[in-house]
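# Architecture and fold: a report
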Amino acid sequence: MSSIKDTFLQASPREQLLVVLGGGAALVVLLFVVFLMPMQAKAKLQKRNADRVLVERQEVKELASALLGQQQNPSSAGSGSLVDMLNRTLPKYELQMEDFQPNGNTDAKVRIAKADLNKVLAWLNELENVENVQIKEFSASAGPETGTAVANLRLHRE
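Residues numbered from 1 in each chain as written. Predicted model: local features only at pLDDT ≥ 70, side-chain atom pairs only at ≥ 80, totals over all residues. Heavy atoms only, no water.

### Here's the deal with the packing of helix α3 (residues 82-89) against helix α4 (residues 117-129)
- Put simply, α3 and α4 touch, their axes get as near as 11 Å, and they point 140° apart. With respect to each other, α3 and α4 are oriented oblique. Of the two elements, α3 crosses α4, and the hand of that crossing is right-handed. Across the interface between the two elements, Met85, Leu86 and Thr89 from α3 touch Trp123, Glu126 and Leu127 from α4.
- Here the contact of α3 with α4 is composed, by residue class, of 4 nonpolar, 1 polar and 1 charged. (Axes fitted to C-alpha atoms, helices over the stretch in contact; angles between N-to-C directions. Helix = DSSP H or I, 4+ residues; strand = E, 2+ residues; numbered from the N terminus. Parallel < 35°, antiparallel > 145°, perpendicular 65-115°, else oblique. Left-handed = near helix turned anticlockwise from the far one by under 90°. Contact = heavy atoms within 4.5 Å. Nonpolar A, V, L, I, M, F, W, Y, C, P; charged D, E, K, R; others polar.)

### Quick word on the pairing of strand β2 (residues 107-115)
- Strand direction decides the pairing type here: strand β1 (residues 97-103) and β2, joined by 6 bridges, are antiparallel. Across the sheet, residue Met97 finds its bridge partner in β2, namely Ile112.
- Once β1 ends, the chain turns through 3 residues before running back antiparallel as β2, passing Gly104 with a positive phi of about 80°. (Pairing = 2+ DSSP bridges.)

### Some points on the sheet that holds β2
- Taken together, 4 strands build an open sheet; the order of strands is β1-β2-β4-β3 and the sheet is antiparallel. Of all strands in the sheet, those with a lone pairing partner are β1 and β3 (133-142), marking the two edges. Looking at each pair of strands side by side, their axes are set apart by 10° on average, direction ignored.
- Contacting β2, β3 and β4 (149-157), α4 runs over the sheet at an angle of about 175° to β3.

Here is the structure:
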């Protein structure tokens, strides 16, 4: 260590200044790499998480307001015949019945073809959670066109 100190003290003042400034610059770069870059990455991750939480919060608010609206206006959800309910809910999800076989006023077999499976599942969620319809049977298979599905259902409504 003393040989480094001796070498430094024997150098000209200009060289000493360059060594001190170079060391200071290296220290600043080291601090940036070790501390600031990871902190920036954490801040970006936290911002993404916060944005995601805000989106989820907004979705929950919308679902809650829709649920409260349905509870305050029960005449639209959970009432009427099964056929009326199907005719009211299917267009919301851009779905069309290909076959419908009623069994009284409370049971029916329904076939939906050429449908996006995600839309069918969203519709089924509404049937069970909003319209109080029980899904007794459900089967889905690949549709005739790419990205489509054929769904067969047996529904029951009290």
